[in-house]
Amino acid sequence: MLKAFCRQVIPVLLGLVISINHTVSATDKTQANILVLGDSLSGAYGIDRDQGWVSLLQQQLSRKGYDYRVINASVSGDTTRTALSRLEPALRTHQPAIVIVALGGNDGLRGLAFSEIQSSLASIIERSQQANARVLLAGVRLPPNYGAAYNARFAAVYRELAQRYAVSLVPQILDQVADNPGLMQSDGIHPTADAQSRIMHNVWDKLAPMLKPDR
């Protein structure tokens, strides 16, 4: 009688324990955040926001099975300095695992000193790392009329910062886009909707190695 009871009850109890363990594991998993700190190039200027590369990045993460939520904190017209001023609240609110920094274009268009651009970007990286976030830095290039020498010095700012802080670098976020007039809006500065997939993949190539597969 006792043996028969055990044969009936023990499998049920084991099933309950396994079910509880699965429930706890699923509950313990938390979605990590990716914060995009950028300007109009990341803010889908001139196109629907859902068409922007940041929205496409969220779709890419879902397709690849990564449990990350992308938060677009980009503001059109932002310089590195203004973005720095609003970074701390964003870090506190979203506690991102990764911060994608895609800034500097407006600084360059306004002719701000390289030293100021570099200092602000450095502070953004430092504060993000202090908040236990990994940083992906995205470089930008100014229109050709600014001259090859100016653009070369501008690009060097990003390379130097990436090396100093050991962060991943997208050398040129508009690679294969800026040189194609068909992928740029009439202002020659902002990419079209058709260009957004290319931009997303430029970022993805450097972001993917930073992601945790279990997410």
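Residues numbered from 1 in each chain as written. Predicted model: local features only at pLDDT ≥ 70, side-chain atom pairs only at ≥ 80, totals over all residues. Heavy atoms only, no water.

Enquirer: Mind showing me how you'd approach the side chain of H190 here?
Expert: Within the secondary structure, H190 sits in the loop between β5 (168-170) and α8 (196-207). At 2.7 Å, the side chain of H190 forms a polar contact with the side chain of S40. Here the side chain of H190 touches D187 through a polar contact of 2.6 Å, side chain to side chain. Setting aside chain neighbours within four positions, we find H190 in contact with S40, L41, Y45, M184 and Q185. (Helix = DSSP H or I, 4+ residues; strand = E, 2+ residues; numbered from the N terminus. Polar contact = N/O pair within 3.5 Å; in protein donor to acceptor, adjacent residues only side chain to side chain. Contact = heavy atoms within 4.5 Å.)

Enquirer: Would you mind showing me how to read the packing of helix α2 (residues 53-63) against α8 here?
Expert: Relative orientation and spacing of two packed helices are given, respectively, by the angle between their axes and the distance between those axes. Two elements in contact, α2 and α8, have axes separated by 9 Å at closest approach and are oriented at 55°. Classified by the angle their axes make, α2 and α8 are oblique. Here α2 and α8 pass one another in a crossing that is right-handed. Together, W53, L56, L57, Q60, L61 and R63 of α2 and Q196, S197, I199, M200, H201, V203, W204 and L207 of α8 make up the contact between the two elements. Residues of the contact of α2 with α8, tallied by class, amount to nine nonpolar, four polar and one charged. (Axes fitted to C-alpha atoms, helices over the stretch in contact; angles between N-to-C directions. Parallel < 35°, antiparallel > 145°, perpendicular 65-115°, else oblique. Left-handed = near helix turned anticlockwise from the far one by under 90°. Nonpolar A, V, L, I, M, F, W, Y, C, P; charged D, E, K, R; others polar.)

Enquirer: How should I be thinking about the confidence of the model for the protein chain in this particular structure?
Expert: Atomic detail in the predicted coordinates should be set aside for any region of low pLDDT. Per-residue confidence for the protein chain gives a mean pLDDT of 89; residues scoring 70 or more make up 86%. Counting contacts from residues 16-28, a segment whose pLDDT is below 50, to residues more than four positions away or on other chains yields zero contacts. (pLDDT = per-residue confidence, 0-100.)

Enquirer: Would you mind going over unusual backbone geometry with me for this structure?
Expert: Outside of glycine, negative phi angles account for most residues, and trans bonds account for most peptide bonds. The backbone of A44 shows a phi angle near 60°, a positive value even though the residue is not glycine. If you trace the backbone, A44 turns up in the loop between β1 (32-38) and α2. Its identity as a non-glycine residue notwithstanding, A166 has a phi of 55°, on the positive side. For A166, a relative accessible area of 71% puts it in the exposed group. (Buried < 20%, exposed > 50% of the residue type's maximum accessible area, 1.4 Å probe, protein only.)

Enquirer: Just to check I follow, could you spell out the packing of aromatic side chains for this structure?
Expert: How two aromatic rings sit relative to each other is set out by the distance from centre to centre and by the angle between their planes. A full pass over the atoms with the stated rule returns seven aromatic pairs. Taken together, a centroid distance of 6.3 Å and an interplanar angle of 15° make the contact between Y150 and F154 stacked. Residue Y150 and its partner F154 are both found in helix α7 (residues 148-165); the two are separated by four residues, about one turn of the helix. Taken together, a centroid distance of 5.7 Å and an interplanar angle of 70° make the contact between F154 and Y158 edge-to-face. Of this pair, F154 and Y158 both sit in helix α7, four residues apart, which is roughly one turn of that helix. Residue F154 shares its accessibility class with Y158, and that shared class is buried. Ring-pair connections join several aromatic residues into one group, and the members of that group are F114, Y146, Y150, F154 and Y158. Across the ring face of F114, the terminal group of R153 is positioned such that the distance to the ring centre comes to 5.3 Å. (Phe/Tyr/Trp six-rings, centres within 6.5 Å; stacked < 30°, edge-to-face > 60°. Lys NZ or Arg CZ within 6 Å of the ring centre and 35° of its normal.)

Enquirer: Honestly, the side chain of N151 in this entry has me stumped. Any pointers?
Expert: By the element assignment, N151 lies in helix α7. Classification of N151 as buried rests on a relative accessible area of 12%. In contact with N151, not counting residues within four places along its chain, are R141, L142, P143 and Y146.

Enquirer: For this particular structure, what's the right way to read the environment of V135?
Expert: Relative to the elements of secondary structure, V135 occurs in strand β4 (residues 134-138). Overall, the relative accessible area of 4% leaves V135 in the buried class. Separated by 39 residues in sequence, V135 and P96 have C-alpha atoms that sit 10.0 Å apart. Here V135 is in contact with V99, V101, I125, S128, Q129, V167, S168 and M210, once residues within four sequence places are set aside.

Enquirer: Looking at this model, I keep getting lost on the pattern of salt bridges. Mind explaining?
Expert: Oppositely charged side chains may form a pair once their charged atoms are brought near each other. The final tally for this structure, using the stated rule, is five salt bridges. For the salt bridge of R141 with D179, the shortest nitrogen-to-oxygen distance reads 2.5 Å. Placement of R141 in the loop between β4 and α7 and of D179 in the loop between β5 and α8 is noted, with a sequence separation of 38 residues between them. The exposure class assigned to R141 is partly exposed, which follows from its relative accessible area of 37%. Taking the shortest distance from any N to any O, the salt bridge between E160 and R153 comes out at 3.8 Å. Under the relative-accessibility criterion, E160 is labelled partly exposed at 34%. (Salt bridge = Lys/Arg side-chain N within 4 Å of Asp/Glu carboxyl O.)

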